[in-house]
Amino acid sequence: NLVGQIRYAVNKDIVVGSGTNALKGIKESVNASGTAIPATVTKASILGIMGALPGNYQAGAIWIMTPTMFYENIMSLSAFDDYIINDGFSFKLFGHDVVLMSECLISSKETIFYGDPKAYKVNFFKAIEVKPFETATSTNIQFRGASLVDGELLDTSAFVRFAQT
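Residues numbered from 1 in each chain as written. Predicted model: local features only at pLDDT ≥ 70, side-chain atom pairs only at ≥ 80, totals over all residues. Heavy atoms only, no water.

Visitor: Give a detailed account of the overall build of the protein, specifying residues and quantitative values.
Guide: A tally of regular secondary structure across the protein gives four helices and nine strands. The order of α-helices and β-strands along the protein, N terminus first, is α-α-α-β-α-β-β-β-β-β-β-β-β. Overall, the protein is about 60 × 30 × 30 Å in size when its C-alpha atoms are taken along their principal axes. Within the protein, the fraction of its 165 residues that count as buried is 36%. Looking at the protein alone, contacts between residues at least 24 apart form 72% of all its contacts between residues at least 6 apart. Of the roughly 9,600 Å² of accessible surface on the protein, 53% is carried by carbon and sulfur atoms. (Helix = DSSP H or I, 4+ residues; strand = E, 2+ residues; numbered from the N terminus. Buried < 20%, exposed > 50% of the residue type's maximum accessible area, 1.4 Å probe, protein only. Contact = heavy atoms within 4.5 Å. Areas by Shrake-Rupley, 256 points an atom, 1.4 Å probe, with all protein chains shown as cover.)

Visitor: Break down the side chain of Asp13 for me, with residues and values.
Guide: Mapped onto the fold, Asp13 is located in helix H1 (residues 2-16). Within the buried core, Asp13 has no salt-bridge partner, and the shortest N-O distance to an opposite charge, that of Lys12, equals 4.3 Å. (Lys, Arg positive; Asp, Glu negative; His and termini not counted. Salt bridge = Lys/Arg side-chain N within 4 Å of Asp/Glu carboxyl O.)

Visitor: Help me get a handle on helix H4 (residues 67-74), residues and values and all.
Guide: Listing the buried residues of H4 in full gives Met69, Phe70, Asn73 and Ile74. Down the axis of H4, the buried set is contained in an arc of 115°. They therefore lie on one face. Where H4 is buried, its residues meet helix H3 (43-52), strand S1 (62-65), strand S2 (84-87), strand S3 (90-93), strand S4 (96-100) and strand S6 (109-115). (Arc of directions from axis to C-beta.)

Visitor: Describe the nonpolar core, with residues and values.
Guide: In terms of nonpolar packing, the biggest core is built from 41 residues, with Ile46, Ile49, Trp63, Met65, Ile74 and Leu93 touching the most fellow members. Broken down by secondary-structure element, the contributors of at least two residues to this core are H1, H3, S1, H4, S3, S6, strand S8 (141-153) and strand S9 (159-163). Residue contributions to this core peak at four residues, all from S1. Ignoring sequence-local partners within four residues, the contact set of Ile46 consists of Val41, Trp63, Ile74, Phe80, Leu93, Phe94 and Ile112. (Core = buried A, V, L, I, M, F, W, Y, C linked by side-chain atoms within 4.5 Å.)

What follows is the structure, encoded as structure tokens:
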């Protein structure tokens, strides 16, 4: 559906960016930590990521990672059994929401972002305009949407970024 596609595109651009004069991704705003996530994820390595985020951003922090990182590297470890809350397809890790996005695979490395999304500011200069689109070669009507949007992370200390070795 169109609303889901627009939501996905905006969320993707918030994480990885979309280029000049548009949404500047968190990836571009936050340097990868010098400390890497080990090949085998441990409880200590995840707590280390949490500890790297300043205290004033902890209350609203979320996890952003790939489904592979979450399902294969974190959920599969019994050390996390008491720290993952599964509510249908919504998950919490150490009490913080988990957002799964394939775009967190950056330069072929699994990457975890942890931080407060309220520090990211999105400006919609023009509301999303949806119009029907027809072609001469098809009887299908497609709906396409467009908008003028930009955004950036207002405080780069609001997120931390760790890549797996």
